[in-house]
Amino acid sequence: MKLRPSLDWLLVFVPGAIVLDFVAPERHTLIFLIACVAVIPLAGWLGKATEHLAERTTEGIGGLLNATFGNAAELIIALFALRRGLTEVVKASITGSIIGNILLVLGASFLAGGVRHREQEFNVAGARVQATMLTLASVALIMPALFHHLVGASSAERTLSLEISVVLIVTYLLLLLFSLHTHKKLFTGTAAEAAQVDDEGKAPWSLARSLGTLVGAAAMIGWVSEVLVGSVEAAAGSLGMTEVFVGVIVVAIVGNAAEHSTAILMAWKNRMDLAVGIAVGSSVQIALFVAPVLVFVSQFLGPEPIDLVFTPAEVAAIGLAILITGQIAGDGRSNWLEGVQLLVVYAILAIVFFFLPAA
Amino acid sequence: MKLRPSLDWLLVFVPGAIVLDFVAPERHTLIFLIACVAVIPLAGWLGKATEHLAERTTEGIGGLLNATFGNAAELIIALFALRRGLTEVVKASITGSIIGNILLVLGASFLAGGVRHREQEFNVAGARVQATMLTLASVALIMPALFHHLVGASSAERTLSLEISVVLIVTYLLLLLFSLHTHKKLFTGTAAEAAQVDDEGKAPWSLARSLGTLVGAAAMIGWVSEVLVGSVEAAAGSLGMTEVFVGVIVVAIVGNAAEHSTAILMAWKNRMDLAVGIAVGSSVQIALFVAPVLVFVSQFLGPEPIDLVFTPAEVAAIGLAILITGQIAGDGRSNWLEGVQLLVVYAILAIVFFFLPAA
Amino acid sequence: MKLRPSLDWLLVFVPGAIVLDFVAPERHTLIFLIACVAVIPLAGWLGKATEHLAERTTEGIGGLLNATFGNAAELIIALFALRRGLTEVVKASITGSIIGNILLVLGASFLAGGVRHREQEFNVAGARVQATMLTLASVALIMPALFHHLVGASSAERTLSLEISVVLIVTYLLLLLFSLHTHKKLFTGTAAEAAQVDDEGKAPWSLARSLGTLVGAAAMIGWVSEVLVGSVEAAAGSLGMTEVFVGVIVVAIVGNAAEHSTAILMAWKNRMDLAVGIAVGSSVQIALFVAPVLVFVSQFLGPEPIDLVFTPAEVAAIGLAILITGQIAGDGRSNWLEGVQLLVVYAILAIVFFFLPAA
């Protein structure tokens, strides 16, 4: 709490969204906006509960918990959207989470840190591992999209997506083995450490409180997500946005708000290893874990399964974002202009997605 | 003058082009070739006047002047081509300037320097900033082209191009702030320094002489450009080239001849910071400043506005040129083979543009 | 012999393939599989003969011999496939050799070495030169494919392919000049050195024995190749694979088996310069020398010439493989996870090629 300004007052939007959805279900845009804001503090509490739970276990299990629940809010929103058959929104929010973390969060962190510090350094070895994982993920998204472009819709697409999803999840587990076990010294400054910084000097919560908060926050995110995805179509229309734009930009910003504020604060305090680890690590987790898990879950949940075939605009956005992030993060140093460069690429992509008509 | 062989005798081609255009306007090919050569010494004088003017001001303003007028010759030619409605030629010459500076000028510099010196070093921090800016610029060109490919011609294209152009110009101004003010020590060896080297020991020109030469050279370039763009269509036809090939290869070589000779000479003298700064810096300026300025100016000037939608071949050429330049320049060292590599990529692109039929 | 487990017992498959093809020519799949295995020990003997021949000459000529005959087995198989008009298989096996060496061989080497050694280092300067050459080669493959996509089949394609092939061969010769003469100190650990390690303490063969073995092994590879390419179409069909998949994955693995075993063994012994040199150097040689030579030879040999127009899936696979290899090899260090990353990209590409229907 010392380092991160409290977002708890935003919790008032949680009942706000739910009540408004009940009493005035036709106010789609207002409901959507309020539900968006309501997710932010809940995602924060979910993260905090995970961190306290992690401290009660061994370091390895703790790291695993943090890594697994790190993007739980995005996952929950996506599951509710899947159940409604909003497959385009789900894919758009995966795209948005990947590019949002490496362009918006990392860019804002470099800019905030660079305004205060002339030049900042971070652990280049850890950043390179993550950057290469993102390049690998871009291959896993480019090839199915190319396959679709060449072959057209076919049953092979689904099998191919499932097989690549298995490969990605195995890769993610091997990354955990690498970063939490065999080469953990390479990764100074993980999300777990960020939590300690955040609450330093405070005793960890009891197991019951941790688990209770975790379940409670997740349930509330589920409830708000139900409201949010119920209003997204109508809200997008009345705001003059496509659903894809809402998914890529709006949902992605909302779902990652907690990471945003922590990473920027860490950069301001010149703890760049943490800032880079949170931003890039989040993108890696979405690409290698959340996306393939959603492919599997969607086979059973909801009216329509999703595959790894993203739209050309999404694939191009992810590929280019990963390319420039690798270039910028590859030297282990940052300054304010590098932050601007990442933010500018985000702005260009956002402009293009804004004008892109619905499919 | 000491370091750079004088191109002043080429000034005889200036009246030559103008007179020939008047007495034998049907000799298109000859007029075109003579006008091309005539631009070279004029661009040199324009550059020299800018540098002398820059020395009369503060360092910051001087850097700004150099940066702004650095590609004035290309800008003037492009404006005259715009007025004639030669939008394809304008875009082709932007493409050619970007790839010509990083492949041809930088490649020839690495080769010339590498023949004499076994290995050469340059300031890697400055080169990285510029290389990342080029990657950013490639995003700004790839996404509109993709948009066009997906959506087809639409009014959104124009709005999108204007908005991205604003973003690029702001980015360019922030780059100037970074390189001339907040982090100027990162950039040892700028174009301004090259000028000092060039004329070292000589007194700077008076303000009147600087301004007079600047205006005079610009006016003459305008006149010759009028002749040049008037003959380009017919000349291209009789030379068996498309207008796009002439724009990408011929106009780009002519407009950047002054940079070519200076950069190669600097590399030969083992002043690699200057050589790299001139070559890569020129590409950055074309992509982030000249191109978006032309988008804006074309809204008012000429029969047809231009946008940022380049052809697939142009986008691929720019993207690949930027990719390999980033890889080659990323380690702060060069040798003759790296020069060969850049020149070979230029040759491959030139071959493809040569065979590409007119749209 | 001390370091590399003998593959000589596999020689029994050589007469096996030839005899079976004679007595039971309808057993296509079995013939194909046996012929595949039979190539492996023959390629090993071809390599060994080249190395002994190289030791009898000056260092420069020896390096040249090694470099030129390094992929002789692939070349011979491709020539026999060309004569049968299997142009798609030839291109697919070029693709497979390029990506197989940098993803499968280098990946397996990094993994094998990384399991035993926490972190391994290799000569980053040499690796960067090779990686940049691969990027250059990717430009030489992307642009013709784009040309074909934009213009359609045309006579210009053939001229363009021949011109770019000339450029690539010249580039390859300049690379040899660089690596064997002007900057040979940059390349510690070449294939020649690998041979010495392999047979250290043993006397080099006589000239007659070297030449005899070279010619004999090449002739046998030719014979087996004739059998192999004669059965590939029918075998692919009955195995449920397309010819392209067989070319990209199966033929590529078979033709490079000798490199595979040597590179992995070198990595295990922590001689990473050799492992990286063999893997990446092989890909460079295929892309800059074998592929353009096949373009020329195919003009005279076989029913149908080939060009440099590869399919979109092949171009994407090569481009992405080269991109991630550059990123992974760019820091001069490796660990087991980097090996996994390369192997995972190979697996993703293999999955996509498996599902890709025949053109």
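Note that the structure is predicted; figures quoted are calculated from it, not measured.

A word on the overall build of chain A. A tally of regular secondary structure across chain A gives 14 helices and 2 strands. Compactness check: chain A gives a C-alpha radius of gyration of 19 Å against a globular reference of 21 Å for 359 residues, within 12% of the reference. In terms of overall dimensions, chain A has a C-alpha envelope of 50 × 50 × 35 Å along the principal axes. Per-residue burial for chain A yields a buried fraction of 61% across its 359 residues.

This part is about the relation of the copies chain B and chain A. Of the transformation superimposing chain B on chain A, the axial component is 0.0 Å and the angular component is 120 degrees, with the fit at an RMSD of 0.0 Å. Put plainly, the chains are arranged around a three-fold axis. With a heterologous cut-off of 20% or less, the 3% of interface residues of chain B that recur at the interface of chain A puts this contact in the heterologous class.

The interface is formed by 31 residues belonging to chain C together with 24 residues belonging to chain B. For the pairing of chain C and chain B, the buried interface totals around 2700 Å² over both sides, and the portion due to carbon and sulfur atoms is 79%. Viewed at the interface, chain B and chain C are joined by 0 salt bridges. For the pair chain C and chain B, the number of links is 4 residue pairs in polar contact (both at pLDDT 80 or more). Looking at the side of chain C that touches chain B, the elements that each hand over two or more residues are helix 6 (124–151), helix 7 (155–182) and helix 13 (312–329) of chain C. When residues in the side of chain C that touches chain B are grouped by element, the largest group, 15 residues, is from helix 6 of chain C. For the side of chain C that touches chain B, the per-class residue count stands at 21 nonpolar, 7 polar and 3 charged.

Right, let's get into the interface of chain B and chain A. Each side of the interface is counted separately: chain B has 31 residues, and chain A has 25 residues. For the chain B and chain A pair, buried surface summed over both sides reaches about 2800 Å², with 79% attributable to carbon and sulfur atoms. Inspection of the region where chain B meets chain A yields 0 salt bridges. Our enumeration of links across chain B and chain A arrives at 4 residue pairs in polar contact (both at pLDDT 80 or more). When residues of the side of chain B that touches chain A are traced back to their parent elements, those giving at least two are helix 6 (124–151), helix 7 (155–182) and helix 13 (312–329) of chain B. Per element, the largest residue contribution to the side of chain B that touches chain A is 15 residues, and it comes from helix 6 of chain B. Here the residues of the side of chain B that touches chain A are counted per class, giving 21 nonpolar, 7 polar and 3 charged.

The next point concerns the packing of helix 1 (residues 13–23) of chain C against helix 2 (residues 28–55) of chain C. Residues and elements named next belong to chain C. Between helix 1 and helix 2, whose axes approach to 8 Å, the crossing angle comes to 150 degrees. With respect to helix 2, the element helix 1 is oriented roughly antiparallel. Every pair of crossing elements has a handedness; the one defined by helix 1 and helix 2 is left-handed. Along its contact with helix 1, which presents Phe13, Val14, Gly16, Ala17, Leu20 and Asp21, the element helix 2 presents Leu30, Ile31, Ile34, Ala35, Val37, Ala38 and Leu42. Looking at the contact of helix 1 with helix 2, its residues break down into 11 nonpolar, 1 polar and 1 charged.

Evaluation of the coordinates by the stated rule reveals 15 salt bridges over all chains. The closest approach of N and O atoms between Arg84 of chain A and Glu226 of chain A, which form a salt bridge, is 3.5 Å. Remark: Glu226 of chain A occurs in helix 9 (residues 207–239) and Arg84 of chain A occurs in the loop between helix 4 (72–83) and helix 5 (87–116); sequence separation between them is 142 residues. For Lys91 of chain C, the salt bridge is made with Asp307 of chain C, and the minimal N-O distance between the two is 2.9 Å. Taken as a pair, Lys91 of chain C in helix 5 (residues 87–116) and Asp307 of chain C in the loop between helix 12 (272–297) and helix 13 lie far apart in primary sequence, 216 residues in all. On the basis of relative accessibility, which here comes to 17%, the residue Asp307 of chain C falls in the buried class.

The subject of this paragraph is the side chain of Thr242 of chain A. Residue and element names in this part refer to chain A. With respect to the helices and strands, Thr242 occurs in the loop between helix 9 and helix 10 (243–255). For Thr242, the side chain forms a polar contact with the main-chain nitrogen of Phe245, separated by 3.0 Å. Sequence-distant contacts of Thr242, that is, excluding residues within four places in its chain, are made with Ala236, Phe353, Leu356, Pro357 and Ala358.

On to helix 5 of chain C. Think of an α-helix as 3.6 residues a turn; residues three or four steps apart then line up on the same face. Helix length check: helix 5 of chain C (30 residues) gives 42 Å between terminal C-alpha atoms against 44 Å at 1.5 Å per residue, within 8%. Its maximal kink placed at Gly100 of chain C, helix 5 of chain C deviates by approximately 45 degrees.

With 400 residues, the main nonpolar core has Leu103, Ile164 and Leu294 of chain A, Leu103 and Ile164 of chain B together with Leu103 and Ile164 of chain C as its most contacted residues. Other than its neighbours up to four places away in sequence, Ile164 of chain C contacts Ile348, Ile351 and Val352 of chain B together with Ala140, Pro144 and Leu308 of chain C.

Take chain C, turn it by 120 degrees, move it 0.0 Å along the axis, and it overlays chain B with an RMSD of 0.1 Å. Of all interface residues in chain C, a mere 3% are interface residues in chain B too; the two copies therefore contact each other through different surfaces.

Residues and elements named next belong to chain A. Residue placement: Val39 occurs in helix 2 (residues 28–55). C-alpha of Val39 to C-alpha of Val90: the two residues are 51 residues apart in sequence and 16 Å apart in space. In this view, Val39 contacts Ile77, Val224, Leu228 and Val254; residues no more than four positions away in its chain are not counted.

What follows is about helix 12 (residues 272–297) of chain B. Residues and elements named next belong to chain B. Helix length check: helix 12 (26 residues) gives 35 Å between terminal C-alpha atoms against 38 Å at 1.5 Å per residue, within 8%. For helix 12, the principal kink sits at Ile286 and spans about 40 degrees. Buried residues dominate helix 12, accounting for 22 of its 26 residues.

Residues and elements named next belong to chain A. Phi at Asn270 is positive, roughly 65 degrees, even though this residue is not glycine. Secondary-structure assignment places Asn270 in the loop between helix 11 (257–268) and helix 12 (272–297). The exposure class of Asn270 is partly exposed, given its relative accessible area of 37%.

Attention now moves to the packing of aromatic side chains. Residue and element names in this part refer to chain B. Throughout the structure, instances matching the rule amount to 18 aromatic pairs over all chains. Note on Trp45 and Trp205: the rings are 6.0 Å apart at their centroids and 25 degrees apart in plane angle, and the pair reads as stacked. Residue Trp45 is found in helix 2 (residues 28–55), and its partner Trp205 is found in the loop between helix 8 (191–198) and helix 9 (207–239); the two are separated by 160 residues along the sequence. Note on Trp45: relative accessible area 21%, which makes it partly exposed. Stacked on the ring of Phe310, the Lys or Arg Lys91 has its end atom at 5.8 Å from the ring centre.

The subject of this paragraph is a nonpolar patch on the surface. Residue and element names in this part refer to chain A. Together, Val19, Phe22 and Val23 line one region of the surface with nonpolar side chains, adding up to about 360 Å² of accessible area. For Val23, the location among the structural elements is in helix 1 (residues 13–23). Given a relative accessible area of 57%, Val23 falls into the exposed group.

Take the packing of helix 13 of chain C against helix 14 (residues 336–355) of chain C next. All names here are of chain C. Two numbers describe how helix 13 lies on helix 14: the axes approach to 11 Å, and their chain directions differ by 175 degrees. Comparing the axis directions of helix 13 and helix 14 gives the class roughly antiparallel. On the side of helix 13, the interface is formed by Ala313, Glu314, Ala317, Ile324, Thr325 and Ile328, while helix 14 contributes Glu338, Gln341, Leu342, Val345, Leu349 and Phe353. Tallied by class, residues from the contact of helix 13 with helix 14 come to 8 nonpolar, 2 polar and 2 charged.

This part is about the confidence of the model for chain A. Residue and element names in this part refer to chain A. When pLDDT is averaged along chain A, the result is 87, and 93% of the positions lie at 70 or above. Per-element confidence in chain A is highest for helix 14 (residues 336–355), whose mean pLDDT is 96, and lowest for helix 8 (residues 191–198), whose mean pLDDT is 50. At the level of chain-chain contacts, confidence expressed as ipTM amounts to 0.90, with global pTM at 0.91.

What counts, and at which threshold
Residues numbered from 1 in each chain as written. Chains lettered and ligands numbered in written order. Predicted model: local features only at pLDDT ≥ 70, side-chain atom pairs only at ≥ 80, totals over all residues. Heavy atoms only, no water. Helix = DSSP H or I, 4+ residues; strand = E, 2+ residues; numbered from the N terminus. Rg over C-alpha atoms; globule rule 2.2 N^0.38 Å. Buried < 20%, exposed > 50% of the residue type's maximum accessible area, 1.4 Å probe, protein only. Least-squares fit on C-alpha atoms with pLDDT ≥ 70 in both. Contact = heavy atoms within 4.5 Å. Buried area = accessible area lost by both parts, 1.4 Å probe. Salt bridge = Lys/Arg side-chain N within 4 Å of Asp/Glu carboxyl O. Polar contact = N/O pair within 3.5 Å; in protein donor to acceptor, adjacent residues only side chain to side chain. Nonpolar A, V, L, I, M, F, W, Y, C, P; charged D, E, K, R; others polar. Axes fitted to C-alpha atoms, helices over the stretch in contact; angles between N-to-C directions. Parallel < 35°, antiparallel > 145°, perpendicular 65-115°, else oblique. Left-handed = near helix turned anticlockwise from the far one by under 90°. Expected span 1.5 Å × (residues − 1). Bend = angle between axes of the 7 residues up to and from the residue. Core = buried A, V, L, I, M, F, W, Y, C linked by side-chain atoms within 4.5 Å. Phe/Tyr/Trp six-rings, centres within 6.5 Å; stacked < 30°, edge-to-face > 60°. Lys NZ or Arg CZ within 6 Å of the ring centre and 35° of its normal. Patch = residues over 30% accessible without salt bridge, like charges linked within 9 Å, V, L, I, M, F, W, Y side chains within 5 Å. Areas by Shrake-Rupley, 256 points an atom, 1.4 Å probe, with all protein chains shown as cover. pLDDT = per-residue confidence, 0-100.

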